[in-house]
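Read off the chains here:
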Amino acid sequence: MTDHAATSDHAADIDKHVRIYITVFVALMVLTIITVLIARVHLPIHLAVTVAMLVAGIKGTLVACYFMHLISERKLIYAVLALTVVFFVALLTLPVLTHHDGYWIH
Amino acid sequence: MDIPYTVELRRDTGLNNGKIGIWLFLASEVMLFGALFASYILIRTGSPSWPRGDSILNVPLATLNTIVLISSSVTMVMAWASLMRNRFGTFRLYMGATVLLGGVFLVVKYFEYSHKFHDGLFPSTNNFLAIYFTLTGLHMLHVMGGMAVNAYFWGPGAKLWKTNPTWFTNRVENSGLFWHFVDLVWIFLFPTLYLL
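Residues numbered from 1 in each chain as written. Chains lettered and ligands numbered in written order. Predicted model: local features only at pLDDT ≥ 70, side-chain atom pairs only at ≥ 80, totals over all residues. Heavy atoms only, no water.

## A look at the pattern of salt bridges
In total, this model carries six salt bridges over all chains according to the counting rule given. Here B:Arg85 ties to A:Asp15 by a salt bridge, and the two come within 2.3 Å at their closest N and O atoms. With B:Arg85 in the loop between α2 (59-84) and α3 (88-118) and A:Asp15 in helix α1 (residues 2-40), this pair bridges two chains. Given the relative accessible area of 28%, A:Asp15 is considered partly exposed. B:Glu173 is the salt-bridge partner of B:Lys19, the closest N and O atoms lying 3.6 Å from each other. Separated by 154 residues along the polypeptide, B:Lys19 in helix α1 (residues 17-45) and B:Glu173 in helix α6 (residues 165-195) bring together distant segments of the chain. B:Lys19 sits in the buried class, given a relative accessible area of 10%. Residue B:Glu173 is classed as buried on the basis of its relative accessible area of 15%. (Salt bridge = Lys/Arg side-chain N within 4 Å of Asp/Glu carboxyl O. Helix = DSSP H or I, 4+ residues; strand = E, 2+ residues; numbered from the N terminus. Buried < 20%, exposed > 50% of the residue type's maximum accessible area, 1.4 Å probe, protein only.)

What follows is the structure in structure tokens.
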């Protein structure tokens, strides 16, 4: 009886996950359309980059949190990813700094 | 000899070894693509002029490929959910669809590339095309790698389901993590190269 209850709990849990996956899929499709439509407006480049990366960031977060289950992952995985984010940001910041005279790099 | 911690969780990490292994690999992949994104920023910001992606590249085809890859991520996660629900037949359908959608992505990319080559546009033509072919080429190799692993689990690798279903489910989850990462990279590549 207990085993049966545990199994049906597990099945209900997976059913809930599947509903979330479908919702995320719809959200990703809508955001893809938004990305393409915004690009048609031809915003000034700085604004266009900001908006495009913001929408891509939201899409990426949805994929990572729900499809990759990062929303409920173990601490060690978060630690590994936090370290990765630090180095990734440093990697992207370095070339930007080279273009600011009088800053860190000339 | 059995491989330890394929199913049971390690006490120190609270994870099986496969899970921590794939995340460490993905962390290294972030740095690989990060280096190329940094190169893109460096080349673009250092250039006196830069073409808008949509003036050279085919946005409708790339949008189609975005939809295809996102759909394949959903079928991948549904394949894993099917195993969690003990439905092997449904897993086969979803995993087959994932491999097939990966194939569609490659076919569309083939048309995009061949059209560029036909127009005399090569990686050596200019900096924009150099970084475009490098980033999308590396991404395409990842799609091929992911497809090969997924096809293995759809076909011969599925034998493990009969002897050790938990281990098989873990393996599918890990190959799924790689596949979602490939989708994630494309989500950033698409606006960066095609729309800005």
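So much for the structure itself; the text now carries on.
## Quick notes on the interface of chain A and chain B
Across the contact, 42 residues belong to chain A and 50 residues belong to chain B. Across the chain A/chain B interface, buried area totals approximately 4000 Å², and carbon plus sulfur atoms make up 82% of it. Counting across the interface, chain A meets chain B through two salt bridges. Applying the counting rule to chain A against chain B returns four residue pairs in polar contact (both at pLDDT 80 or more). Those elements that place two or more of their residues in the side of chain A that touches chain B are α1, α2 (45-67) and α3 (75-97) of chain A. Class assignment of the residues belonging to the side of chain A that touches chain B gives a composition of 28 nonpolar, 10 polar and four charged. (Contact = heavy atoms within 4.5 Å. Buried area = accessible area lost by both parts, 1.4 Å probe. Polar contact = N/O pair within 3.5 Å; in protein donor to acceptor, adjacent residues only side chain to side chain. Nonpolar A, V, L, I, M, F, W, Y, C, P; charged D, E, K, R; others polar.)

## Describing the environment of B:Leu26
Relative to the elements of secondary structure, B:Leu26 occurs in helix α1. Under the relative-accessibility criterion, B:Leu26 is labelled buried at 2%.

## Examining the layout of surface pockets
Taken as a whole, the largest pocket spans an internal volume of roughly 1200 Å³. Along the wall of the largest pocket there are 36 residues; nearest its centre are A:Met53, A:Phe88, A:Leu92, B:Phe37 and B:Phe188. Elements with a contribution of two residues or more to the lining of the largest pocket: α2 and α3 of chain A together with α1 and α6 of chain B. Of all the elements, α2(A) adds the most residues to the lining of the largest pocket, at 10 residues. In terms of residue class, the lining of the largest pocket is built from 25 nonpolar, 10 polar and one charged. Lining of the second largest pocket is provided by 31 residues; of these, A:His69, B:Lys19, B:Trp80, B:Met84 and B:Glu173 occupy positions nearest its centre. Secondary-structure elements contributing two or more residues to the lining of the second largest pocket are α1 and α2 of chain A together with α2 and α6 of chain B. Among the elements that line the lining of the second largest pocket, the one with the most residues is α1(A), at seven residues. Its residues assigned to classes, the lining of the second largest pocket comprises 14 nonpolar, 11 polar and six charged. (1 Å grid on protein atoms, 1.4 Å probe; cavity = no way out; pocket = protein on both sides within 12 Å on 5 of 7 lines; lining within 4 Å. Points joined across faces, edges and corners; volume = space filled by probe spheres on them.)

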